[in-house]
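# Notes for the structure review
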Amino acid sequence: MDKLNLAIVGATGMVGRTFLTVLEEMELPLGNLVLLASERSAGKKVLFQGKEIEVEELTEGSFDKERFQYALFSAGGSISEIYAPIATQNGITVIDNSSQWRMHEEVPLVVPEINMKAVEDHLLISNPNCSTIQSVLPLKVIHDLYQVERVAYTTYQAVSGSGQKGVEDLLGTRAGKEPSFYPKVISDNCLPQIDVFLEDGYTKEEQKMVDETRKILEDEKMKVTATCVRVPVLNGHSVAMNVTCREKIDYEALRKALASSEGIIYYETDYPTARDATGQDQVLLGRLRKDESLDNSLHLWCVADNIRKGAASNAVEILKRVWEERR
Ligand SMILES: NC(=O)c1ccc[n+]([C@@H]2O[C@H](COP(=O)([O-])OP(=O)(O)OC[C@H]3O[C@@H](n4cnc5c(N)ncnc54)[C@H](OP(=O)(O)O)[C@@H]3O)[C@@H](O)[C@H]2O)c1
């Protein structure tokens, strides 16, 4: 098929709108573009490539393979739980941005630069968690060279990672209002809670980073731990990574490998920040240094645009590669 016929579920959301921006930038040869959202948005007009497209209400009847053969989902886990199977039963290839199917045995969890081969002929493909995507890119390079034994992540995650409600809560509390979304005031503050608490004291976001890192790097034995923190930054996630390897690290060789890896910009001097990452698709790295407290261990600073590389552009890149393979 010469044209890519596509639906976006959650087209009016923060990630959904960024799908549209990334699709425009990538200049994929789109045929039909169907925009789906809740009944609240049905009838709204969205501008794409200079043309207005009317948003449709998502229903069980939305998935007609005659209209589109691919769908990007970004409307939350409960929507993906119900509608992704309906789409795939109708022969539509789904790339799902929610956490709903990520750890399902039959569903590949994909970062294109790392494991496109996992896609095989699957119709349902999951896009990983935003902090995981940016972290596994450098971790894979380190793992291939020196065999990662353990990684400890500490994240500094922007409010845009919670969608529109997170952004509104930061702006509101900055203006002195009561919190409208987060459990405590996010303005001028750091909240060591992202998503709900689990029985063992970890949060669900932290557990996602542990499970998804192992799944993407195909190493169930890798020791992974995380502390995830919401910070009063509008956009761009930062992750401090402490990595212990089985083999001795050659820092010169590692710098060269990171600097020449697809999807990575390595800062030899200075360091990148969330503001530098915002608006582009690369993962920015800096402050690589030896951890003097442990053998074969290093520290690394890693930032990325959570809405783009952490969500929309990772998913659209999967879509592009799958479509090119299957058309
Ligand atoms: N933001 C990030 O950095 C990020 C990163 C990775 C993954 N994600 C995941 O991406 C998903 C969306 O995130 P977001 O930040 O874009 O959220 P958002 O800005 O709140 O947007 C949510 C979208 O879902 C739609 N939606 C909600 N309920 C619906 C329903 N009953 N039927 C159909 N559509 C419905 C909304 O449509 P209406 O406008 O009609 O309400 C809107 O288009 C979530 O699963 C999130 O975990 C987000």
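See the structure above.
The sections below set out a description of the structure shown in this document. (Residues numbered from 1 in each chain as written. Predicted model: local features only at pLDDT ≥ 70, side-chain atom pairs only at ≥ 80, totals over all residues. Heavy atoms only, no water.)

## A closer look at the sheet that holds strand β2 (residues 30–37)
Heads up, the condition is: Note on pairing: DSSP must find at least two bridges between two strands before they are called paired. Counting from the N terminus, the helices are DSSP H or I runs at least four residues long and the strands are E runs at least two residues long.
Spatially, the six strands line up as an open sheet ordered β5-β2-β1-β6-β7-β8, and their pairing is parallel. The sheet is open, and its two borders are formed by β5 (56–57) and β8 (124–126), each paired with just one other strand. Alignment of β2 against β5, held across two bridges, turns out to be parallel. Following the sheet pairing, Ala-37 is matched in β5 by Glu-57.

## Regarding the pairing of strand β6 (residues 70–73)
The condition is simple: Between buried and exposed lies partly exposed: a residue is buried under 20% and exposed over 50% of the maximum accessible area for its type, with that area taken using a 1.4 Å probe on protein chains only. Call a crossover right-handed when, viewed with both strands pointing away from you, the route from the first strand across the helix to the second goes clockwise.
Residues Tyr-70 and Leu-72 of β6 are buried on one face, and the alternating residues Ala-71 and Phe-73, pointing to the opposite face, are buried as well. The pairing of strand β1 (residues 4–9) with β6 spans four bridges and is classified as parallel. Paired with Leu-6 across the bridge in β6 is Tyr-70. In this sheet, strand β7 (residues 93–96) lies alongside β6 in parallel orientation, the contact comprising four bridges. Among the inter-strand pairings, Ala-71 is bridged to a residue of β7, identified as Val-94. Each parallel crossover has a hand, and the one from β6 via helix α2 (residues 77–89) to β7 is right-handed.

## Here's the deal with the site of the ligand
For clarity, the threshold we go by: Neighbouring residues are identified by heavy atoms, a residue being near a molecule or strand if any of them is within 4 Å of it. Polar contact is the term for a pair of N or O atoms within 3.5 Å; when the atoms are in protein, one must be able to donate a hydrogen and the other to accept it, and sequence-neighboring residues count only if both atoms are side-chain atoms. Areas reported here follow the Shrake-Rupley algorithm with a probe of radius 1.4 Å; residue values treat only the protein chains shown as occluding. Domain ranges listed in this record stem from an automatic or a database domain assignment.
Taken together, 26 residues lie around the ligand, and Thr-12, Val-15, Ser-38, Arg-40 and Ser-41 are the ones closest in. The contact in question runs from an oxygen atom of the ligand to an N or O atom on the backbone of Gly-13, over 2.9 Å. At 2.5 Å, a side-chain N or O of Ser-41 approaches an oxygen atom of the ligand. Expressed as a share of its isolated accessible area of 910 Å², the protein-covered part of the ligand is 77%. Per-domain counts for the shell around the ligand show at least three residues from each of domain 1 (4–128 + 311–326) and domain 2 (131–306).

## Considerations on the sheet that holds strand β14 (residues 297–304)
Heads up, the rule is: With axes taken as lines fitted to C-alpha atoms, and helix axes fitted only over the stretch in contact, angles between N-to-C directions fall between 0 and 180 degrees. By the convention used here, residues are in contact when the closest approach between their heavy atoms is within 4.5 Å.
If you trace the six strands from one edge of the open sheet to the other, you get β10-β9-β11-β14-β13-β12, paired in mixed fashion. Among the strands making up the open sheet, the edge pair consists of β10 (223–230) and β12 (264–266). Each strand axis lies, on average, 20° off the axis of its neighbour in the sheet, ignoring direction. Sheet topology note: the strand β9 (residues 148–157)/β10 ladder contains eight bridges and is parallel. Residue pairing across strands places Tyr-156 opposite Val-229, the latter belonging to β10. Taken strand by strand, helix α6 (residues 204–216) contacts β9 and β10, and its axis lies near 145° from that of β10. Against the sheet, helix α7 (residues 251–259) makes contact with β12, β13 (283–290) and β14, and its axis sits at roughly 175° relative to β13, the strand it touches most.

## Points about the nonpolar core
Applied cut-off: Throughout this description, the term nonpolar core refers to a set of buried Ala, Val, Leu, Ile, Met, Phe, Trp, Tyr and Cys residues connected via side-chain atoms within 4.5 Å.
Of all hydrophobic cores here, the largest spans 40 residues; its most connected members are Leu-139, Tyr-153, Val-243, Leu-254 and Leu-298. The dominant element in this core, judged by the number of residues it contributes, is helix α4 (residues 130–146), at seven residues. Split by domain, the residues of this core number at least three in each of domain 1 (4–128 + 311–326) and domain 2 (131–306). Residues in contact with Leu-139, not counting those within four places in the same chain, are Val-148, Val-151, Tyr-153, Thr-213, Leu-217, Met-222, Met-241 and Val-243. Judged by nonpolar contacts, the second largest core, of 33 residues, contains Ala-11, Val-15, Leu-72 and Leu-319.

## Thoughts on the packing of aromatic side chains
We count it as follows: Think of it this way: a Phe, Tyr or Trp ring, Trp meaning its six-membered ring, pairs with another when their centres are within 6.5 Å, and the plane angle makes it stacked under 30 degrees, edge-to-face over 60, tilted otherwise.
Tallied over the full model, the rule gives five aromatic pairs. On the numbers, 5.7 Å between centres and 55° between planes, the contact of Tyr-156 with Trp-301 is tilted. Taken together, the positions of Tyr-156 in strand β9 and Trp-301 in strand β14 put the pair 145 residues apart, joining distant regions of the chain. An aromatic cluster is present here, built from Phe-63, Phe-68, Phe-73 and Tyr-83 joined pairwise through their rings.

## What to know about the environment of Val-9
Structurally, the position occupied by Val-9 is in strand β1. Since its relative accessible area comes to 1%, Val-9 is described here as buried. For the pair formed by Val-9 and Leu-36, sequence separation is 27 residues and the distance between their alpha carbons is 4.8 Å. The contact partners of Val-9, leaving out residues within four places of it in the chain, are Leu-36, Leu-58, Phe-63, Leu-72, Phe-73, Ser-74, Ala-75 and Ile-79.

## Overview of the packing of α4 against helix α9 (residues 308–326)
Let me state the cut-off plainly: With respect to orientation, any angle under 35 degrees is reported as roughly parallel, any angle over 145 as roughly antiparallel, any angle of 65 to 115 as roughly perpendicular, and every other angle as oblique. Under the grouping applied here, Gly and all other residues not named as nonpolar or charged are polar, the nonpolar ones being Ala, Val, Leu, Ile, Met, Phe, Trp, Tyr, Cys and Pro and the charged ones Asp, Glu, Lys and Arg.
Orientation of α4 relative to α9, taken along the N-to-C sense of each, is 85°, at an axis distance of 8 Å. Of the possible angle classes, the one that applies to α4 and α9 is roughly perpendicular. In contact with Cys-130, Ile-133 and Leu-137 of α4, α9 contributes Lys-309, Gly-310 and Asn-314. Split into classes, the residues belonging to the contact of α4 with α9 amount to three nonpolar, two polar and one charged.

## As for α2
For clarity, the threshold we go by: Expected span of a helix: the number of residues minus one, times 1.5 Å. Across the chain, bend at a residue is computed as the angle between axes fitted to the seven residues ending at that point and the seven starting from it.
In this model α2 runs 18 Å from its N-terminal to its C-terminal C-alpha over 13 residues, within 8% of the 18 Å that 1.5 Å per residue would give. The sharpest bend along α2 comes to roughly 35°, located at Tyr-83, with the proline Pro-85 sitting one to four residues further on. At its buried positions, α2 is contacted by β6, β7 and β8. Gly-91 occupies a position one or two residues after α2 and carries a positive phi of about 80°.

Any functional reading would require information beyond the geometric quantities listed.
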